[in-house]
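Coordinate inspection notes
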Amino acid sequence: MDTKSIVYIALFAALTAALGLMPPISFAGLALPPITAQSLGVMLAGSIAGARRGGLAMLLFIALVAVGLPLLAGGRGGFGVFAGASGGFLLAWPISAAVIGYLIGRAPAAGFTLMAPMIAFGGIIVMYAVGIPWMAAVAGLPLTKAVTIMLAYVPGDLVKVILATIITRGVRRAYPAL
Amino acid sequence: MLDLYSPGTSYLHRLGPGPKILTMMLGGTGLFLFDSLPIACAAFIAIAALYPVAGLTAKQAWAQIRPLLWIFAIFFALQWWLSGLTTAAFVVIRLAALILLASLVTLTTRASDMIDSLTHALGFLRPFGANPAKIGLSISLALRFIPVLAQITQEVREAQKTRGLERSVIATALPVAIRTIKMADDISDAIEARGYRP
Amino acid sequence: MIEIKNVTLSYGDRTVLRDISLALSEHRIAIIGANGSGKSSFARLLNGLVLPTTGDVLIDGQNTRTHGKDIRQKVGFVFQNPDNQIVFPVVEEDLAFGMKNLGFPKEDIRRKTDEILARYDMSDLREHPAHLLSGGQKQLLAISGVLVMEPAYIVLDEPTTLLDLRNKRRVTEAIHALDQTVILASHDLDLLQDFDRVIVFDDGRIIADDRPENAIPYYIESMS
């Protein structure tokens, strides 16, 4: 792996951590994942850094969280978070970023209407597909109930998809060689 | 946030990062396995008692908890409402204990030592094509970038404010992203200029 | 001695340096020119960060194409923005980075770190987070990180552009005090009065190459 890839991996892990400095909106205590800006970092890691670098950036991020650095929104960190209701969403981050990176890698010049669904697929569908069953298992909820709860997060995630798409297209115009 | 290290010579400072991280992981997992208020309280007291042992002040311990007080308040209120007072106390005390424990490790361990032992511990990945030295470099870089990103965001936000654009997320986020990519390209040049061979 | 032989540098269809040939043997050499004149690209050629599209760059007889590692050690490089040069979160870790890359033994790393921090009056900042340093301290740390690698030449790309007046003076003094051969790309003409040689770039070509008292007025005139 070249130096540039190492730097990009570090950068997007750091970006996701920096987005955690924005206060999270938490509305059901430990039982539910908070709404944070950090999933925007996941989307950008995939859409800007690409499948491999983006996926590894998120892997690095969750490894740093696992060893106890308080990088998650609200200053959370440590192995405990994986045992919580939002643990599955966290573990899905590398997969989400890699899927987004893979899809966009196949159509780097995609317009807004094509890129936004790609980011939404990786950043919402893939993430929920891993996160919701995990949450249902940890919190002892039936799967249908867990899905219903997560519907509340969809509007916020759609906003992040739109932001990620606009930012990605802007950055890719400034750096066509990415 | 991450430049937490507080220089010292206590036993906890001299203890290698490996055992400290391992204890933290075991302790953290243990607290989740035993769902009981007395155990959480005992753990909290035991961890708090380690602060003076490490030559840290009550003020430093408090500084770890203080920024999270409002989250504790929300958790406490919600859990009280959802599941009763005991659960609420338990959840908040367990969280406080976990944060004090994690902070104790970061306060007594230099980031470079932490990274060195993490790099060492990741040696088992070598057969799978991962290079621990590169992982170590990427960890250091990530920790270095976090404050720089916060600063770039601040600068861009101020610049956009003078143009009346401070309410536009895109007007901040896009220049930050572009400057950040430029920084990444420069820093990879700088790393190679300082003799690093990938 | 640095020799640049018939060097042309292009990025895609954009040519930034056109057929440059130079021999640099003076102690203090400045490169000036407008933004986009090619002076930053020229600076990057000197330690092999950028390889010429055609032609060769030789440092003490070694080609940057074939002796990358030796040349990185021999030619130190200081960037415009120290934030883009400081790799590690803590001062002492960052100073150690270049020395570790060169395989210096631990006790040497420790000793050199002490020396360089004392030299720039930063001994109490050893364990300080790099991002909390002032702009001038950051640039001095960037220069220190290069000096500990014991280069014979130091290339600086606009090292004072982002600094306020006081920090600019501090960094300028540090540059003047260097024992090494200095090649400085700068907009800051005050810095160059006692240099041995000033090379003026315009649109990828050299338009003047002389003592500062001749080259600087020529440059100012060509800009107006």
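Residues numbered from 1 in each chain as written. Chains lettered and ligands numbered in written order. Predicted model: local features only at pLDDT ≥ 70, side-chain atom pairs only at ≥ 80, totals over all residues. Heavy atoms only, no water.

So, the nonpolar core
Counting residues in each nonpolar core, the largest one holds 116 residues, and the members touching the most others are A:Phe12, A:Phe61, B:Leu141 and B:Phe145. With 13 residues, the single largest contributor to this core is helix 1 (residues 3-19) of chain A. Taken together, domain 1 (17-109) and domain 2 (119-198) of chain B each give at least three residues to this core, which thus spans both. Setting aside residues up to four positions removed in sequence, A:Phe61 forms contacts with A:Ala13, A:Thr16, A:Ala17, A:Gln38, A:Leu71, A:Leu72 and A:Trp93. Within the second largest apolar cluster, 42 residues are counted, among which are C:Val78, C:Ile86, C:Met99 and C:Val148. (Core = buried A, V, L, I, M, F, W, Y, C linked by side-chain atoms within 4.5 Å. Buried < 20%, exposed > 50% of the residue type's maximum accessible area, 1.4 Å probe, protein only. Helix = DSSP H or I, 4+ residues; strand = E, 2+ residues; numbered from the N terminus. Domains from an automatic or database assignment. Contact = heavy atoms within 4.5 Å.)

Overview of the side chain of B:Lys134
Turning to its location among the elements, B:Lys134 is positioned in helix 8 (residues 132-162). In this structure, B:Lys134 is buried with no salt-bridge partner, the nearest side chain bearing the opposite charge being A:Asp2 at 7.7 Å. For B:Lys134, the contacting residues outside a window of four places in its chain are A:Met1, A:Ile6, B:Tyr196 and B:Pro198. (Lys, Arg positive; Asp, Glu negative; His and termini not counted. Salt bridge = Lys/Arg side-chain N within 4 Å of Asp/Glu carboxyl O.)

As for unusual backbone geometry
Residue and element names in this part refer to chain C. In this model, Asp19 sits at a positive phi of 45°, which is unusual for a non-glycine residue. The residue Asp19 is located in strand 2 (residues 14-24) in this model. Judged by its relative accessible area of 51%, Asp19 falls in the exposed class. A positive phi is found at Asp60, a non-glycine position, where the angle reads about 45°. Relative to the helices and strands, Asp60 resides in the loop between strand 4 (54-59) and strand 5 (62-63).

Some points on the sheet that holds strand 4 of chain C
One open sheet accounts for 4 strands, arranged 2-1-4-5 (chain C); its pairing is antiparallel. Looking at the sheet topology across the chains shown, the edges are occupied by strand 2 and strand 5 of chain C. (Pairing = 2+ DSSP bridges.)

Observations concerning the sheet that holds strand 3 (residues 28-33) of chain C
All names here are of chain C. If you walk across this open sheet you meet the 6 strands as 6-7-8-3-9-10, and the pairing is mixed. Across the chains shown, the open sheet's two edge strands, defined by having one partner strand only, are strand 6 (75-78) and strand 10 (205-210). When strand polarity is set aside, the average angle formed by the axes of neighbouring strands in this sheet is 15°. Here 5 bridges tie strand 7 (residues 153-157) to strand 8 (residues 181-185), and the two strands are oriented parallel to one another. The residue bridging Ile154 from the neighbouring strand is Val182, located in strand 8. Against the sheet, helix 5 (residues 135-147) makes contact with strand 6 and strand 7, and its axis sits at roughly 165° relative to strand 6, the strand it touches most. (Axes fitted to C-alpha atoms, helices over the stretch in contact; angles between N-to-C directions.)

What about the environment of C:Met99?
All names here are of chain C. Along the polypeptide, Met99 turns up in helix 3 (residues 91-101). Met99 sits in the buried class, given a relative accessible area of 0%. Here the alpha-carbon distance between Met99 and Met149, two residues 50 residues apart in the chain, equals 5.8 Å. Not counting the four nearest positions on each side in its chain, Met99 is found in contact with Phe104, Ile109, Lys112, Thr113, Val148 and Met149.

A word on the packing of helix 2 (residues 38-49) of chain A against helix 5 (residues 87-106) of chain A
Residue and element names in this part refer to chain A. As a packed pair, helix 2 and helix 5 sit with axes 7 Å apart at the nearest point and diverge in direction by 40°. When the axes of helix 2 and helix 5 are compared, the pair comes out oblique. The way helix 2 lies across helix 5 gives a crossing that is right-handed. Contact residues: Gln38, Val42, Met43, Ala45, Gly46 and Ser47 in helix 2; Trp93, Ser96, Ala97, Ile100, Gly101 and Ile104 in helix 5. Of the residues that constitute the contact of helix 2 with helix 5, the class distribution is 7 nonpolar, 5 polar and no charged. (Parallel < 35°, antiparallel > 145°, perpendicular 65-115°, else oblique. Left-handed = near helix turned anticlockwise from the far one by under 90°. Nonpolar A, V, L, I, M, F, W, Y, C, P; charged D, E, K, R; others polar.)

Regarding the interface of chain C and chain B
Counting from both sides, the interface comprises 29 residues of chain C and, opposite them, 26 residues of chain B. At the boundary of chain C with chain B, total buried surface from both sides reaches about 2500 Å², with 54% on carbon and sulfur atoms. Counting the surface chain C buries against chain B, the share from its top three residues, C:Arg72, C:Asn84 and C:Val87, is 23%. Run the count over chain C and chain B and you get 3 salt bridges. For the salt bridge of B:Arg144 with C:Asp83, the shortest nitrogen-to-oxygen distance reads 2.8 Å. In this assembly, chain C and chain B are joined by 7 residue pairs in polar contact (both at pLDDT 80 or more). Every element with two or more residues in the side of chain C that touches chain B is listed here: helix 2 (68-74), helix 3 and helix 5 of chain C. In terms of residue count, the dominant contributor to the side of chain C that touches chain B is helix 3 of chain C (7 residues). Residues that form the side of chain C that touches chain B fall into these classes: 13 nonpolar, 7 polar and 9 charged. (Buried area = accessible area lost by both parts, 1.4 Å probe. Polar contact = N/O pair within 3.5 Å; in protein donor to acceptor, adjacent residues only side chain to side chain.)

A short note on the UniProt feature "transmembrane region" (unreviewed entry) in chain A
Under the feature "transmembrane region" (unreviewed entry), the UniProt entry names residues 6-33, 54-73, 79-105, 112-134 and 146-167 of chain A. Helix makes up 100% of residues 112-134 of chain A and strand 0%, with an end-to-end C-alpha separation of 32 Å. (UniProt positions renumbered as here; feature names shortened; annotations may be inferred.)

What to know about the confidence of the model for chain C
Scored by pLDDT, chain C comes out at a mean of 91, with 100% of its residues at no less than 70. For this predicted complex, the interface confidence comes out at an ipTM of 0.86, alongside a pTM of 0.79. (pLDDT = per-residue confidence, 0-100.)

Considering the UniProt feature "domain: ABC transporter" (unreviewed entry) in chain C
Per the UniProt annotation, the sites labelled "domain: ABC transporter" (unreviewed entry) are residues 2-223 of chain C. Regarding residues 2-223 of chain C, the helix share stands at 34% and the strand share at 27%, and the terminal C-alpha atoms are separated by 28 Å.

Topic: the pattern of salt bridges
Residues and elements named next belong to chain C. Under the counting rule described, the total for this entry stands at 23 salt bridges over all chains. Across the pair Glu92 and Arg110 runs a salt bridge, and its minimum N-O distance is 4.0 Å. Taken as a pair, Glu92 in helix 3 and Arg110 in helix 4 (residues 106-119) lie far apart in primary sequence, 18 residues in all. Overall, the relative accessible area of 14% leaves Glu92 in the buried class. It is possible to trace a salt-bridge network through shared partners that takes in Glu92, Arg110, Asp114 and Arg126.

Considerations on a nonpolar patch on the surface
Residues and elements named next belong to chain A. Where nonpolar side chains cluster on the molecular surface, the patch consists of Leu91, Trp134 and Val138 and spans about 230 Å² of accessible area. Checked against the element boundaries, Leu91 lands in helix 5. Residue classification places Leu91 among the partly exposed positions, given a relative accessible area of 31%. (Patch = residues over 30% accessible without salt bridge, like charges linked within 9 Å, V, L, I, M, F, W, Y side chains within 5 Å. Areas by Shrake-Rupley, 256 points an atom, 1.4 Å probe, with all protein chains shown as cover.)

Describing the pairing of strand 2 of chain C
Pairing of strand 1 (residues 2-11) of chain C with strand 2 of chain C involves 7 bridges; the strand directions are antiparallel. Its bridge partner lying in strand 2 of chain C, C:Ile4 is registered against C:Leu22.

Concerning the packing of aromatic side chains
Applying the stated criterion across every chain, the model contains 7 aromatic pairs over all chains. The structure contains a cluster of three or more aromatic residues connected by ring pairs, namely B:Tyr196, C:Phe88 and C:Phe97. The ring of A:Tyr8 is capped by A:Arg53, whose NZ or CZ atom sits 4.9 Å from the centre of that ring. (Phe/Tyr/Trp six-rings, centres within 6.5 Å; stacked < 30°, edge-to-face > 60°. Lys NZ or Arg CZ within 6 Å of the ring centre and 35° of its normal.)

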